Every structure is written in C-alpha cells, then in structure tokens.
Amino acid sequence: MFYIGTAGYSYQDWVGTVYPAGTKKEDMLKLYAGEFNFSEINSTYYHLPGRRMTEALAAKTPPGFRFAVKAFQQMTHARDGGPEVFRRFAEALRPLAGSGRLACVLAQFPYSFHNTPENRDYLKKFRHLLPDLPVAVEFRNARWVAGETFELLREEGLAYVCVDEPALKGLVRAVAVVTAPFAYVRFHGRNAARWYDHKESYQRYDYLYTADELKEWLPRVAALREKAGEVYISFNNHYRGQAVANARMFRDMIGTAGII
C-alpha cells in the first residue's frame, strides 16, 4: 500500500492556497487528513514530544492515517542525548503506535554524519535504544550509498530513506532500495541554487516538480512496492503548498500507472 503526503501540514502560507482562507491552525490537520493518509511530524526534531501531543494527533485523524515522527535533534545531530532521551521519545509515541497510526521514527542525519566505523556503531546503538519501533534512516552524505550500508540496515531492521534532491556533489543520489518491511521516499526538490545559498530555510525547498520529473520515480516506486508491504512517500517542498500539488500529481500518476 502507498501512503502519500507531505512533510508537515500546518503552514501559515498554505492558508488561502491549500486551506480555505481564515483556516485556524488547530483545524488544519482535520482538513489535511480529509485528503491524505500520511504526514511527517517535524516539530519533534526541535522539541521532545509529549504524550498529550501524540494523543491529540491520534484523536484528530481517522483510522488508517499514519505519521512519521522525526527524531529529536539530540538523537541524530548532537548525538549526546543518551538512553534517557530515547526512552522519553519512545514513551511519547505510544499513543500513535498503540492506535496503529505510527509509520515510523524518521532519523534524518546531517551531511556531517560520515560513513565511519563510529557512526556505523551509532546506527546499531540507535536501533538498540528504540527496539520496538520502526525506524527509517535518511543520510545526506553520498558516501553512505553503498552495499555495505544497505547490508547493515537490513541486519538492524532499519529502513533506508530514498531521496530526490539536487544533483550536487556529495549529496545522495536517487536510488530505490528496500532494507526493511516498509520503504520510504522523500522528495526535497531540486533547487540547487538555494540548497546552500539561502537566508531562510524554506528557500532550500522552494521547488515545484514537473510531471516529467515525477515520472522518473514511477518505475522506482513500483520496484519498492514489489519488495515492501508499505511505501511511504513524502514531499518536503512545502513552500506555498507546492508539496501538496506534487503529492496530488504523484498520487494520480501511481493510480494511472496501475501500481498497487
């Protein structure tokens, strides 16, 4: 089954474009879940979530809706949180996991997270500290794209996050790989000019995919679906609702292509 959505859903610049004019923030998720069956939660990267927040997410969405919850920054970037941070993070996700609404924990590592023995050991530690939760790992550094990496992820039961992003030196190229019972794809846009040269973070993701660019991924997601029971597809080009436009386009393409 395909779960297609966007990286986040509560953006003020979506009011009047994605959402009707005057939409309040507390009403956005209900409107969003009326069309899509999946979304990423990004706020958990900046602040450890609590059970009250995840209980509300479960209550506002219908059965079958899924959330990918981004790992807290101490778990992926600083990597100094220790077991207690992982324990609190996992405890907060229980309402989502218990209601069948947790797709996975999304562990997005920075470009500075290099393919070293120490960092490979950290991936094993990450898995050990979240033993009961599905985890998807996203790399930004191209040196991770190797057979040894995929073998490690399979051994640890970690899903590899396939990405579409600018074709810049050192960034991860587009490959379709399954290393867990589920597959994951993230579309970041191809705004090469603003990937590093931007004043606001949203400028990096200011990009609207063309139909031809999205069609490149049809055979890839078909290959993923052959090996994975569930395929999660997220569009992170959220500025001005472009992620919503592309999610709709790609959802229609998959349907037209007959990929089930």
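Everything below is about the structure shown above.
(A) Main features of the pattern of salt bridges. Enumeration over the complete set of coordinates arrives at 15 salt bridges. Note that R186 is salt-bridged to E40, the shortest N-O span being 2.6 Å. Of this pair, R186 sits in strand 7 (residues 182-187) while E40 sits in strand 2 (residues 38-41), placing them 146 residues apart in sequence. Summarising the burial analysis for this pair, R186 and E40 share the class buried. Note that R190 is salt-bridged to E216, the shortest N-O span being 2.9 Å.

(B) Quick look at helix 4 (residues 82-92). Looking at helix 4, one finds that the buried residues are V85, F86, F89 and A92. All buried residues of helix 4 project into a common sector of 130° when viewed along the axis, lining one side. Of the surrounding elements, those touching the buried residues of helix 4 are helix 2 (51-59), strand 3 (66-70), helix 3 (73-76), helix 5 (94-98), strand 4 (102-108) and helix 6 (117-129).

(C) The packing of aromatic side chains, seen in detail. Counted according to the given criterion, the structure contains 30 aromatic pairs. Relative to Y184, the ring of F38 lies with its centre 6.1 Å away and its plane at 75°, an arrangement referred to as edge-to-face. Here Y184 lies in strand 7 and F38 lies in strand 2, a separation of 146 residues in the sequence. As far as the burial class goes, F38 and Y184 line up, both buried. Taking the centre distance of 4.2 Å and the plane angle of 20° together, the rings of F109 and F113 count as stacked. F113 matches F109 in its accessibility class, with the two residues each being buried. Between R204 and the ring centre of W195, over which it is positioned, the NZ or CZ distance is 4.2 Å. The ring of W217 carries the charged tip of R220 above its face, separated from the ring centre by 4.7 Å.

(D) Expanded view of the nonpolar core. Counting 87 residues, the largest nonpolar core has F126, Y160, Y184, I233, F235 and F250 as its most contacted members. Sequence-distant contacts of F250, that is, excluding residues within four places in its chain, are made with F187, L214, W217, L218, V221, I233 and F235.

(E) Expanded view of the sheet that holds strand 3. Here eight strands make up a closed barrel; going around it, the order is 1-2-3-4-5-6-7-8 and the pairing parallel. On average, each strand axis in the sheet is inclined to that of its neighbour by 25°, with strand direction left out of account. Relative to strand 5 (residues 135-138), strand 4 runs parallel, the two sharing four bridges. By the bridge assignment for strand 5, V105 is matched with V135.

(F) Looking closely at the side chain of T61. With respect to the helices and strands, T61 occurs in the loop between helix 2 and strand 3. Here the side chain of T61 touches L57 through a polar contact of 2.8 Å, landing on its backbone oxygen. Excluding residues within four positions of it along the chain, T61 makes contact with L29, A33, F67 and R101.

Scoring rules and cut-offs
Positions within a chain are numbered from 1, following the residues in the order the chain's sequence is written. Restriction of local features to residues with pLDDT of at least 70 applies here, the model being predicted, together with a cutoff of 80 or more for giving and counting side-chain atom pairs; totals for whole chains, interfaces and linings are based on all residues. Side-chain measures were taken over the full set of non-hydrogen atoms in the model, leaving aside hydrogen atoms and water. Here, a salt bridge means any side-chain nitrogen of Lys or Arg that lies within 4 Å of a carboxyl oxygen of Asp or Glu. For the purposes of this entry, the term helix denotes a DSSP run of H or I that reaches at least four residues, the term strand denotes a run of E that reaches at least two, and both are numbered from the N terminus. Summary of the burial criterion: residues with accessible area below 20% of their type's maximum are buried, those above 50% are exposed, and those between are partly exposed, where the area comes from a 1.4 Å probe applied to protein chains only. By arc we mean the arc of the directions from the helix axis to the C-beta atoms, nothing more. Whether two residues are in contact is decided by their heavy atoms: any pair within 4.5 Å suffices. Whether two aromatic rings pair depends on their centres lying within 6.5 Å, for rings of Phe, Tyr and Trp, where Trp uses its six-membered ring; planes under 30 degrees apart make the pair stacked, over 60 edge-to-face, and the rest tilted. By definition, being over a ring means that NZ of Lys or CZ of Arg is both within 6 Å of the ring centre and within 35 degrees of the ring normal. Definition of nonpolar core: a set of buried residues of the types Ala, Val, Leu, Ile, Met, Phe, Trp, Tyr and Cys, connected through side-chain atoms within 4.5 Å. Here, any two strands with at least 2 DSSP bridges between them count as paired. Note on definitions: angles span 0 to 180 degrees between N-to-C directions of axes, and those axes are lines fitted to C-alpha atoms, for helices only across the stretch in contact. Here a polar contact means two N or O atoms within 3.5 Å. Within protein one must be a hydrogen donor candidate and the other an acceptor candidate, and residues neighboring in sequence count only if both atoms are side-chain atoms.

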